[in-house]
Amino acid sequence: MGIGVGVLAAVLSLFVPDCEETVALPAEGAAFAWDQDALWAQLEARYRASRERCDALERVIPVRLYAVGHTLESFRILRGETLRHDDPALPALETAFFELAADVAACPSHAAELVELQARLRDVIKDISVHWDLDERPSEAGGIGPRDRLYRLLQGSRLAVEEVILQMPEGAALPVLARGRDEPSDSPFVWVHGVRVHSGDILLSRGGAPTSALIARGSDYPGHYSHVALVHVASGSGSASGSASGSEASGSESESGAGSESESESESESESGSESESDSDSESDSESESDSESDSESESELGLGGPAEVEVAEEAVLDDDEVLDLDESDAEELSPAADEAEPDAERARADALARFRTVEAHIETGTRIAGLEPYESDGKLRVLLLRPRGALGSAERFAHAAAEHALREAEARHVPYDFAMDTSDPSRMFCSEVVAFAYRAQGIELWKGLTTMSEPATARWLAAFGVRHFETFGPSDLEHDPQLVVVAEWRDPEQLFEAHLDDAVVDALLEGAAQAGDEVSYDPWKLPVARLMKAWSWVKNRFGGVGPIPEGMSATVALRVRWLGERHAELRARLERKVEQYRARTGHRPPYWELVRMANASRRLR
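The text that follows walks through the structure, step by step, so that each part is easy to find. (Residues numbered from 1 in each chain as written. Predicted model: local features only at pLDDT ≥ 70, side-chain atom pairs only at ≥ 80, totals over all residues. Heavy atoms only, no water.)

### A few points about the overall build of the protein chain
Counting its secondary structure elements, the protein chain contains 17 helices and 13 strands. Looking at the protein chain residue by residue over its 606 residues, the buried ones come to 55%. Of the contacts made within the protein chain by residues no fewer than 6 positions apart, 80% connect residues no fewer than 24 positions apart. Accessible area of the protein chain: about 25600 Å², with a carbon and sulfur share of 51%. (Helix = DSSP H or I, 4+ residues; strand = E, 2+ residues; numbered from the N terminus. Buried < 20%, exposed > 50% of the residue type's maximum accessible area, 1.4 Å probe, protein only. Contact = heavy atoms within 4.5 Å. Areas by Shrake-Rupley, 256 points an atom, 1.4 Å probe, with all protein chains shown as cover.)

### Quick notes on the sheet that holds strand β9 (residues 366-371)
In space, the seven strands of this open sheet follow the order β1-β13-β10-β4-β5-β8-β9, with antiparallel pairing throughout. Strand pairing shows two members of the sheet lacking a second neighbour, β1 (177-179) and β9, which therefore form its edges. Going across the sheet, the axis of each strand differs from the next one's by a mean of 25 degrees, ignoring polarity. Where β1 meets strand β13 (residues 484-490), three bridges bridge the pair, whose relative direction is antiparallel. In the sheet register, R179 faces β13, and the bridge partner there is A488. Relative to the sheet, helix α5 (residues 111-129) contacts β1, β10 (382-388) and β13, its axis offset from that of β13 by approximately 160 degrees. (Pairing = 2+ DSSP bridges. Axes fitted to C-alpha atoms, helices over the stretch in contact; angles between N-to-C directions.)

### A few points about the pattern of salt bridges
Taken as a whole and assessed by the stated rule, the structure comprises 42 salt bridges. In this structure, the salt-bridge partner of R122 is E489, at a minimum N-O distance of 3.2 Å. One end of the pair, R122, is in helix α5; the other, E489, is in strand β13, and 367 residues separate them in sequence. Both residues of the pair, R122 and E489, count as buried. (Salt bridge = Lys/Arg side-chain N within 4 Å of Asp/Glu carboxyl O.)

### What about empty space enclosed by the protein?
On inspection of all chains with the given rule, the structure shows seven cavities of 30 Å³ or more. The volume enclosed by the largest cavity comes to roughly 400 Å³. Taken together, 31 residues make up the lining of the largest cavity; nearest its centre are T211, I215, M421, L462 and V467. At the level of elements, α7 (210-217) and α16 (555-586) are the ones that each hand at least two residues to the lining of the largest cavity. By residue number, the principal contributor to the lining of the largest cavity is α7, which donates four residues. Of the residues in the lining of the largest cavity, the class split is 20 nonpolar, eight polar and three charged. (1 Å grid on protein atoms, 1.4 Å probe; cavity = no way out; pocket = protein on both sides within 12 Å on 5 of 7 lines; lining within 4 Å. Points joined across faces, edges and corners; volume = space filled by probe spheres on them. Nonpolar A, V, L, I, M, F, W, Y, C, P; charged D, E, K, R; others polar.)

### Topic: helix α12 (residues 431-440)
Within α12, nine of the ten residues are buried, leaving the element largely enclosed by the surrounding structure. Listed as buried for α12 are C431, S432, E433, V434, V435, A436, F437, A438 and Y439. On its buried face, α12 sits against β4 (202-206), β5 (227-233), β8 (356-362), β9, β10 and α11 (398-412).

### Looking at the packing of aromatic side chains
Tallying each qualifying case throughout the model produces twelve aromatic pairs. Ring geometry for W34 versus W40: centroids 5.7 Å apart, planes at 70 degrees, classification edge-to-face. Overall, W40 belongs to the buried group, its relative accessible area being 12%. Measuring from ring centre to ring centre gives 4.9 Å for W447 and F473, while their planes differ by 35 degrees; the resulting arrangement is tilted. Here W447 is found in the loop between α12 and β11 (451-452), whereas its partner F473 is found in the loop between β12 (471-472) and β13, with 26 residues between them in sequence. (Phe/Tyr/Trp six-rings, centres within 6.5 Å; stacked < 30°, edge-to-face > 60°.)

### Some words on the packing of helix α14 (residues 493-516) against helix α17 (residues 592-604)
Put simply, α14 and α17 touch, their axes get as near as 8 Å, and they point 50 degrees apart. Classed by the angle they form, the pair α14 and α17 counts as oblique. Note on packing geometry: the crossing formed by α14 with α17 is right-handed. Facing α14, whose interface residues are F497, H500, L501, D503, A504, V505, D507, A508, L509, E511, G512 and A516, α17 presents Y592, L595, V596, A599, N600, R603 and R604. Of the residues contributing to the contact of α14 with α17, the split by class is eleven nonpolar, three polar and five charged. (Parallel < 35°, antiparallel > 145°, perpendicular 65-115°, else oblique. Left-handed = near helix turned anticlockwise from the far one by under 90°.)

### What about the packing of helix α4 (residues 89-106) against helix α6 (residues 146-166)?
Relative orientation of the contacting elements α4 and α6 amounts to 5 degrees, with a least axis distance of 9 Å. Taken together, the axes of α4 and α6 lie roughly parallel to each other. Contact residues: L90, P91, L93, E94, F97, F98, A101, V104 and A105 in α4; R149, R152, L153, G156, S157, A160, V161 and V164 in α6. Class assignment for the residues of the contact of α4 with α6 results in twelve nonpolar, two polar and three charged.

### Comments concerning the environment of A399
Along the chain, A399 falls in helix α11. Residues A399 and V231, 168 residues apart in the sequence, show an inter-C-alpha distance of 9.6 Å. Aside from chain neighbours lying at most four places away, what touches A399 is S187, S199, G200, P388 and Y439.

### Remarks on unusual backbone geometry
With a phi angle near 50 degrees, D35 is a residue other than glycine that sits in the positive phi range. Here D35 falls in the exposed class, since its relative accessible area comes to 69%. Positive phi, close to 55 degrees, is recorded for R397, a residue that is not glycine. Mapped onto the fold, R397 is located in the loop between β10 and α11.

### What to know about the side chain of K126
Residue placement: K126 occurs in helix α5. Despite its burial, K126 remains without a salt bridge, the nearest opposite charge being carried by D481 at 6.5 Å. Setting aside anything within four residues of it in sequence, one finds K126 in contact with L154, R389, L478, E479, H480, D481, P482, L484 and V486. (Lys, Arg positive; Asp, Glu negative; His and termini not counted.)

### Brief notes about a nonpolar patch on the surface
On the surface, a nonpolar cluster with roughly 520 Å² of combined accessible area is contributed by W536, W538, V539 and F543. Here W536 is to be found in helix α15 (residues 527-542). (Patch = residues over 30% accessible without salt bridge, like charges linked within 9 Å, V, L, I, M, F, W, Y side chains within 5 Å.)

### Let's talk about the environment of A31
Within the secondary structure layout, A31 lies in the loop between α1 (2-13) and α2 (37-50). Through-space distance from the C-alpha of A31 to that of S219 is 7.4 Å; in sequence the pair is 188 residues apart. Residues within four places of A31 in sequence aside, it is in contact with D220 and S454.

### Here we look at α17
Here α17 is 13 residues long and its end C-alpha atoms lie 19 Å apart, about the 18 Å a rise of 1.5 Å per residue gives. Residues of α17 that are buried in the fold lie against α2, α6, α7, α14 and α16. (Expected span 1.5 Å × (residues − 1).)

Read these as geometric descriptors, not functional statements.
See the structure below:
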């Protein structure tokens, strides 16, 4: 009888809730708010009206594209170091770009030029913001600080362009690849999908899981990325030896790494394996140059799907007689440097497979090393390639040194995932910490403007998933860091719309938490099974394996992750039905602000 009582007590104990500390102390600060409902309505009305007068706009849009481009060049050449964040020219630029985007969305024959113009805007504004103090507060009540201005320009222009991409008619999809600036680097590089990727480059990506959307949106400055990976390219004498600045990478070394990671940062029961790879440097007798684009690789290899890569139209160089009185040297400075020719696709691919690695942290495995194929095989809704400015570090090949540091650390020890997001403890790391600590070892502090979660409801939700530090390194904020240059971006329209739907649902959930007190929940009747699964996972972790519940995640948190997935799927299904009704009524997809309104309406139905 005593044994039976003991067994019964043990079974009943499995139902006892965890004594977890989920009280969240939000960060100091204030959540950014557009407060532009009237403008959004005006832009939507403008879009609908413009659809009826495309013949007239076809003559006007090129002039307005040119005017915005002229403004950007005047900023860069004449006022780059003196343009303050509160200069009235900047909100005027924002409004002009929004209105131009509404017209191009309605009459999309100039969509490629707008995408290219937004890349130039981002590049120029990031150059200018190098001279801003992002911690500076507004000088007067109701004013705007440097960080808010930077966010408005970069995030606002991105949202405007993505609305254009999503309104493109069938059969007229924009290129998946949008090029930024090929910042010179002396680090080894390989060609990946037509883009030169250097050691020390940083890859931002977005997974398709609900927690990926929560990571991207759950901060004072909501963004679009949930994951960061640091690129390591082994030195070698293959087809990609050399650099954007013309220097050659020399030497030969062998790199080894293990790991097969999953980008889905939400599935607590996801399976993940690790494999050990050992690669020797590729050798080649000569470099083959080609002036034609590669047509054999599909962007689907990045997990994006969609059409094969097509370049966005080259940057237009302003005519000095028509715009500014430039001398010959100034004109050369405006012209983009001629790219080195990419090797043929087969050789470029083989070289990348041999020498490309990522060092990154995933919830299932902690910090791991992966090759190109594992990185591409993870489903990604979008990818952004960043590179540190050449002037950022004084040491030769400082970016490669950062990548080497991260690689050595990942090979030397097992580093569990840091669910608490504690940036002061390197014994555990989440994805952003891998990049931050690698560059810190070179004396470089990234994240000019930390991610903060000052909204109590947002902090409370994140705390339910294990977060304990609400001022940290967020993936999305790297996009806005003035120390980093955007080299390239991959966006497939259909995957992009998937990301917008996920974002809208999470925004609605967080709004429900803030306004209605909605809480994260879970099914307590599943707790015993979850605890048994956690025990099995613990055993597997001790022998180097990966269990159904990640190392460092409790059974209760795993159930909350499952609850979020189910709640998100429920709201998204309702949202998709509303989207189809909207498209049937209007003939076009709803803009993002309308998606959020629909998602909120679906949330209130429950």
